[in-house]
Amino acid sequence: NATLGTFPLNYTYSNTDNVAGTFNYSGTSGTFTGTFETFVDAYGTLNMNDLGSGSYSGSVTRMRTEQNITLTVFPFSGTVTQTSYNYYDDSTGKIVFRSSTTNFSIPVLGINDTAVSNEAINDPTLSIANIDNNTSIAFYPNPVKDILTINTNNTEINYIEVYDLNGRRVLEIHNPQNRV
């Protein structure tokens, strides 16, 4: 295990830690050693176009992580180097974008590959823009046997779905009255 740092991290923070251990992958096992370096090396405004669920524009802080690992699968050895960039929103502290470039090299096996990944993280908040505190709703009886009464204090209900404990929809009603 290696330590990135103690969050929240501030601009110019850096940390280096050693890492070592064993690994198992597809029936192959071996050991690894190396270093894990973290740098909070940039800040500014990040603008991303619509990514399918909306665009992003905001102040961010960037954390760069570099891993330099030596793998040993007796009698072979190789290296893995990875540079990752994580962009954190300054107002929420949540990650909004990350990219990673990983180089794998095991010369005796003819392996020399590079993998690149980029990921926009859209963390939509489940909420209601305005909460009407004058709205109350009551369901009874609980548990329900035949009739579920819904009292909404004159608030209109347009649609109801009822699910059982296994997550199966057992009832679907459009424009219901106050008894289901």
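A few points on the structure. Counting restarts for each chain: residues are numbered from 1 in the order of the written sequence. Local features in a predicted model are, by the rule used here, given only for residues with pLDDT of at least 70; side-chain atom pairs are given and counted only at 80 or more, and totals for whole chains, interfaces and linings are based on all residues. Side-chain measures were taken over the full set of non-hydrogen atoms in the model, leaving aside hydrogen atoms and water.

### Overview of the overall build of the protein
Alright, step 1. Numbered from the N terminus, helices here are DSSP runs of H or I no shorter than four residues, and strands are runs of E no shorter than two. When you go through the protein residue by residue, the secondary structure sums to 0 helices and 10 strands.
Alright, step 2. Mapped from its N terminus to its C terminus, the protein presents α and β elements in the order β-β-β-β-β-β-β-β-β-β.
Alright, step 3. For the area figures, the Shrake-Rupley method with a 1.4 Å probe applies, and any residue is considered shielded solely by the protein chains shown. Taken as a whole, the protein presents about 13100 Å² of accessible surface, with 49% of it coming from carbon and sulfur.

### Focus on the side chain of Thr 102
Alright, step 1. Structurally, Thr 102 is set in strand S5 (residues 95–106).
Alright, step 2. A 3.5 Å cut-off defines polar contacts: any pair of N or O atoms within that distance qualifies, except that in protein one atom must be a possible hydrogen donor and the other a possible acceptor, and neighbouring residues in sequence count only when both atoms are side-chain atoms. Reaching out from Thr 102, the side chain makes a polar contact with the side chain of Gln 82 at a distance of 2.8 Å.
Alright, step 3. Ignoring sequence-local partners within four residues, the contact set of Thr 102 consists of Val 80, Thr 81, Gln 82, Asp 113, Thr 114 and Ala 115. Contacts are residue-level and defined by heavy atoms, with any inter-residue pair within 4.5 Å sufficient.

### Section: the pattern of salt bridges
Alright, step 1. Salt bridges are defined by distance alone: a side-chain nitrogen of Lys or Arg within 4 Å of a carboxyl oxygen of Asp or Glu. If you walk through the whole model with that rule in mind, you get 6 salt bridges.
Alright, step 2. The partner of Glu 172 in a salt bridge is Arg 169, and the shortest N-O contact between them spans 3.7 Å.
Alright, step 3. For Glu 172, a relative accessible area of 38% puts it in the partly exposed group.
Alright, step 4. Any residue under 20% of the maximum accessible area for its type is buried, any over 50% is exposed, and the rest in between are partly exposed; the area is computed with a 1.4 Å probe on protein chains only. The exposure class of Arg 169 is partly exposed, given its relative accessible area of 45%.
Alright, step 5. If you follow the salt bridges from partner to partner, you end up with Asp 41, Arg 62, Arg 64 and Glu 66 in one network.

### Some details on the nonpolar core
Alright, step 1. Think of a nonpolar core as a cluster: buried Ala, Val, Leu, Ile, Met, Phe, Trp, Tyr and Cys residues, connected wherever their side-chain atoms sit within 4.5 Å. The biggest cluster of nonpolar side chains holds 7 residues, and these are Leu 46, Met 48, Tyr 56, Val 60, Tyr 87, Val 96 and Phe 97.
Alright, step 2. When contributions to this core are tallied by element, the ones reaching two or more residues are strand S2 (28–48), strand S3 (56–73) and S5.
Alright, step 3. Core analysis: the next-biggest nonpolar cluster, separate from the first, contains 5 residues, Val 19, Ile 69, Leu 71 and Val 80 among them.

### A look at the sheet that holds S2
Alright, step 1. DSSP bridges decide pairing: two strands pair if at least two such bridges lie between them. The antiparallel open sheet is built from 6 strands, whose spatial order is S1-S2-S3-S4-S5-S6. Since the sheet does not close on itself, it has two edges, and those belong to strand S1 (14–25) and strand S6 (111–120), each with one partner. Averaged over neighbouring strand pairs, the angle between their axes works out to 15 degrees when direction is ignored.
Alright, step 2. Where S1 meets S2, 12 bridges bridge the pair, whose relative direction is antiparallel. The residue of S2 that forms the bridge with Val 19 is Gly 34. Think of each axis as a best-fit line through the C-alpha atoms, taken over the contacting stretch in the case of a helix, with angles from 0 to 180 degrees between the N-to-C directions.

### Overview of the side chain of Asp 89
Alright, step 1. Locating Asp 89 in the fold gives a position in strand S4 (residues 76–89).
Alright, step 2. From its side chain, Asp 89 meets the backbone nitrogen of Thr 92 in a polar contact 3.0 Å long.
Alright, step 3. Sequence-distant contacts of Asp 89, that is, excluding residues within four places in its chain, are made with Tyr 56, Ser 59, Val 60, Lys 94 and Val 96.

### Remarks on a nonpolar patch on the surface
Alright, step 1. Like charges within 9 Å and nonpolar side chains (Val, Leu, Ile, Met, Phe, Trp, Tyr) within 5 Å are joined into patches, using only residues over 30% in relative accessible area that form no salt bridge. There is a patch of nonpolar side chains on the surface, built from Phe 76, Phe 104, Val 108, Leu 109 and Ile 111 and spanning about 420 Å² of accessible area.
Alright, step 2. Tracing the backbone shows Phe 76 in strand S4.
Alright, step 3. Classification of Phe 76 as partly exposed rests on a relative accessible area of 31%.

### Description of the packing of aromatic side chains
Alright, step 1. Two rings belonging to Phe, Tyr or Trp (six-membered ring only in the last case) form a pair when the distance between their centres is within 6.5 Å. Interplanar angles under 30 degrees mark stacking, angles over 60 mark edge-to-face geometry, and anything in between is tilted. Enumeration according to the criterion identifies 2 aromatic pairs in this entry.
Alright, step 2. With a centroid separation of 4.8 Å and an interplanar angle of 80 degrees, the aromatic rings of Tyr 11 and Tyr 43 are classed as edge-to-face. Of this pair, Tyr 11 sits in the segment before S1 while Tyr 43 is found in strand S2, placing the two residues 32 residues apart along the sequence.
Alright, step 3. Residue classification places Tyr 11 among the partly exposed positions, given a relative accessible area of 43%.
Alright, step 4. On the basis of an interplanar angle of 50 degrees and a centroid distance of 5.8 Å, the ring pair of Tyr 87 and Phe 97 is categorised as tilted. In this pair, Tyr 87 is assigned in strand S4 and Phe 97 in strand S5, connecting sequence segments 10 residues apart. The residues Tyr 87 and Phe 97 share a single accessibility class, namely buried.

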